[in-house]
Amino acid sequence: MNCTILAIESSCDETSASVIQNGKILSNIIATQAVHEQYGGVVPELASRAHMQNIVPVIQNALSKANIAKNDLNAVAFTQGPGLLGALVVGVSFAKSLALGLDIPLIGVNHMQAHILAHFIDEPRPEFPFLCLTVSGGHTQIVIVRSHLEMEVIGHTQDDAVGEAFDKTAKLLGLPYPGGPQLDKAAVGGDYTKFIFPSVDTPGLNYSFSGIKTAFMYFLRDQKLKNENFVEENMNDICASIQASIVEILLKKLRKASRETGIKQIAIAGGVSANSWLRAKLQEEAEKHRWSVYVPAFEYCTDNAAMIAMAAHFKFINNEFCDLNTGPMPRMAL
Ligand code: KG4
Ligand code: ZN
């Protein structure tokens, strides 16, 4: 059977649409909202308005790039959650109207599940079961992935997400929003052993990033009292050191999870999986522990509709549809 799906992503500050046909991505259009830069973070009301402006052109672009007419579609998929309510509602409403108008089924997708399923867009694809470290601006999770749609969270953050830790430390250093990728760039070639930042030990496989964030804040305050140009003079080494400390927190629990479950197929997903230090360290760990590691292509790390389309493809095959009464779920669990 032919299966052509239009997928819409609008959970945060990217408006994106993608067309997938029989499991193959035909287009993936992403409009990044620049409006938040001047505020140093995502402003929910502005995100919602920008989605309203972007959604029609983004969808038209995705359909035309894929060379697909609306009448060729077999289903419409959308990000149901987690995410910002006002942002999600734009994608959900559009998807519902389109499904109603075309009389085709509707598929609600969990954004975090989609980040993981981005691994099935291209080769190499992980084998089941695998562990996925899902690291984004709102989440930090270790997930056992048993099949395309069967996933279990075995570790999560008790406070901040790792993306927030990157963004907040970058902000303290005066780097522009979004801080994570800026900090990554500013760290290249720096001495990552120059400054040590303590982290809080957390039980089991859970994470905590609030301790290191606070320690970093006080460290900068104290150093600036001694030398007001401390940040400017040491930017490269500070970024390398804090990045290495944050990544080590991530890897420590991932090693533990692999030991405890005996699973050596390891994947990373989500915006922070674009981090160059995390990617490099993961390769080192792979050699040490004989892991097979899977790192997504850069274009599928941060928010995009291709991953929503991939998840929708598996749900379509599994007959998992939702009805027109469905709504956004800002706190949707995996
Ligand atoms: O998955 P994502 O695009 O959106 C959410 O679902 O949250 O992740 C965004 C997060 C932001 O915190 C951003 O700073 C972080 O991913 N990020 C990075 C890098 N690229 C994106 N953090 C560190 N290094 C990067 N290269
Ligand atoms: Zn995301």
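**Student:** I'd like a description of the coordination of the zinc ion (ligand 2), backed by residues and values.
**Tutor:** Protein coordination at the zinc ion (ligand 2): the donors are His111 (NE2), His115 (NE2) and Asp303 (OD), at 2.0 to 2.1 Å from the metal. Sequence positions of the residues that donate to the zinc ion (ligand 2) give the spacing H-x3-H-x187-D. On the criterion of sequence distance, the pair formed by His115 in helix H3 (residues 111-117) and Asp303 in the loop between strand S10 (292-294) and helix H9 (305-317) is long-range, its members being 188 residues apart. An identical accessibility class is assigned to His115 and Asp303; each is buried.

**Student:** So what about the side chain of Ser16? Which residues, and what values?
**Tutor:** Turning to its location among the elements, Ser16 is positioned in strand S2 (residues 14-21). Within the local environment of Ser16, its side chain forms a polar contact with the backbone oxygen of Ile29, the two atoms lying 2.8 Å apart. Discounting residues that sit within four places of it in the chain, Ser16 has contacts with Ala7, Ile8, Glu9, Asn28, Ile29, Ile30, Val58, Asn304 and Ala305.

**Student:** Describe in detail the domain arrangement of the chain, supporting the description with residues and values.
**Tutor:** Assigned domains within the chain: domain 1 (4-116 + 301-317) and domain 2 (125-296). Here the C-alpha centre of domain 2 lies 27 Å away from the C-alpha centre of domain 1. In total, about 1,400 Å² of surface goes out of reach between domain 1 and domain 2, with carbon and sulfur atoms giving 74% of it. The largest contributions to the domain 1 side of the interface with domain 2 come from Met112, Ile116 and Cys301, which together make up 44% of the buried area. Counting across the domain 1 and domain 2 interface gives 0 salt bridges. Where the side of domain 1 that touches domain 2 is concerned, the elements lending two or more residues are H3 and H9. Looking at the side of domain 1 that touches domain 2 residue by residue, the class counts come to 7 nonpolar, 6 polar and 3 charged.

**Student:** Give me the nonpolar core: which residues, what numbers.
**Tutor:** Of all hydrophobic cores here, the largest spans 44 residues; its most connected members are Leu173 and Phe209. If you list the elements that add at least two residues to this core, you get strand S6 (130-135), strand S7 (140-147), helix H4 (162-172), helix H5 (179-187), helix H6 (210-226), helix H7 (230-261), strand S9 (265-269) and helix H8 (276-289). Counting residues per element, this core draws most heavily on H7, at 13 residues. Phe130, Ile308, Ala312 and Phe316 belong to the second largest nonpolar core, which has 33 residues in total.

**Student:** Describe the pattern of salt bridges, naming the residues involved and giving the relevant values.
**Tutor:** Inspection of the entire model under this criterion finds 13 salt bridges. The partner of Arg146 in a salt bridge is Glu152, and the shortest N-O contact between them spans 3.0 Å. Taking the relative accessible area as the measure of exposure, Arg146 reaches 40% and is therefore partly exposed. Overall, Glu152 belongs to the partly exposed group, its relative accessible area being 36%. The partner of Asp160 in a salt bridge is Lys213, and the shortest N-O contact between them spans 2.7 Å. Of this pair, Asp160 sits in the loop between strand S8 (150-156) and H4 while Lys213 sits in helix H6; the two residues are 53 residues apart in sequence, bridging distant segments of the chain. A residue is classified by how much of its surface remains accessible, and Asp160, at 10% relative accessible area, is buried. Three or more residues are tied together by salt bridges with common partners; here these are Glu248, Arg255, Glu285 and Lys288.

**Student:** Would you mind going over the pairing of strand S5 (residues 106-110) in detail, with residue names and values included?
**Tutor:** Judged by how many residues are buried, S5 sits mostly within the fold: 5 of 5 residues are covered. Because side chains alternate across S5, one face comprises the buried residues Leu106, Gly108 and Asn110, and the other comprises Ile107 and Val109, equally buried. Remark: the strand S4 (residues 75-81)/helix H2 (residues 85-102)/S5 crossover connection has right-handed handedness.

**Student:** Now, about the packing of H4 against H5: what can you tell me, with residues and values included?
**Tutor:** Packing of H4 against H5 leaves a shortest axis separation of 7 Å and a crossing angle of 65°. When the axes of H4 and H5 are compared, the pair comes out roughly perpendicular. Our pair here, H4 against H5, has a crossing hand that is left-handed. The residues of H5 that touch H4, namely those facing Phe166, Asp167, Thr169 and Ala170, are Gly179, Gly180 and Leu183. A class-by-class count of the residues in the contact of H4 with H5 yields 3 nonpolar, 3 polar and 1 charged.

**Student:** Which residues make up the site of ligand 1, and what values go with them?
**Tutor:** Close to ligand 1 lie 17 residues; Gly137, Asp167, Asp184, Gly271 and Asn275 are nearest. His115 places a side-chain nitrogen or oxygen 3.1 Å from an oxygen atom of ligand 1. Contact between ligand 1 and Gly271: an oxygen atom at 3.0 Å from a main-chain N or O atom of the residue. Out of a free accessible area of 560 Å², ligand 1 has 88% covered by protein chains.

About the cut-offs
- Residues numbered from 1 in each chain as written.
- Chains lettered and ligands numbered in written order.
- Predicted model: local features only at pLDDT ≥ 70, side-chain atom pairs only at ≥ 80, totals over all residues.
- Heavy atoms only, no water.
- Donors = N, O, S within 2.8 Å, 3.2 Å for Na, K, Ca; no water.
- Helix = DSSP H or I, 4+ residues; strand = E, 2+ residues; numbered from the N terminus.
- Buried < 20%, exposed > 50% of the residue type's maximum accessible area, 1.4 Å probe, protein only.
- Polar contact = N/O pair within 3.5 Å; in protein donor to acceptor, adjacent residues only side chain to side chain.
- Contact = heavy atoms within 4.5 Å.
- Domains from an automatic or database assignment.
- Buried area = accessible area lost by both parts, 1.4 Å probe.
- Salt bridge = Lys/Arg side-chain N within 4 Å of Asp/Glu carboxyl O.
- Nonpolar A, V, L, I, M, F, W, Y, C, P; charged D, E, K, R; others polar.
- Core = buried A, V, L, I, M, F, W, Y, C linked by side-chain atoms within 4.5 Å.
- Right-handed = clockwise from strand over helix to strand, strands pointing away.
- Axes fitted to C-alpha atoms, helices over the stretch in contact; angles between N-to-C directions.
- Parallel < 35°, antiparallel > 145°, perpendicular 65-115°, else oblique.
- Left-handed = near helix turned anticlockwise from the far one by under 90°.
- Near = heavy atom within 4 Å.
- Areas by Shrake-Rupley, 256 points an atom, 1.4 Å probe, with all protein chains shown as cover.

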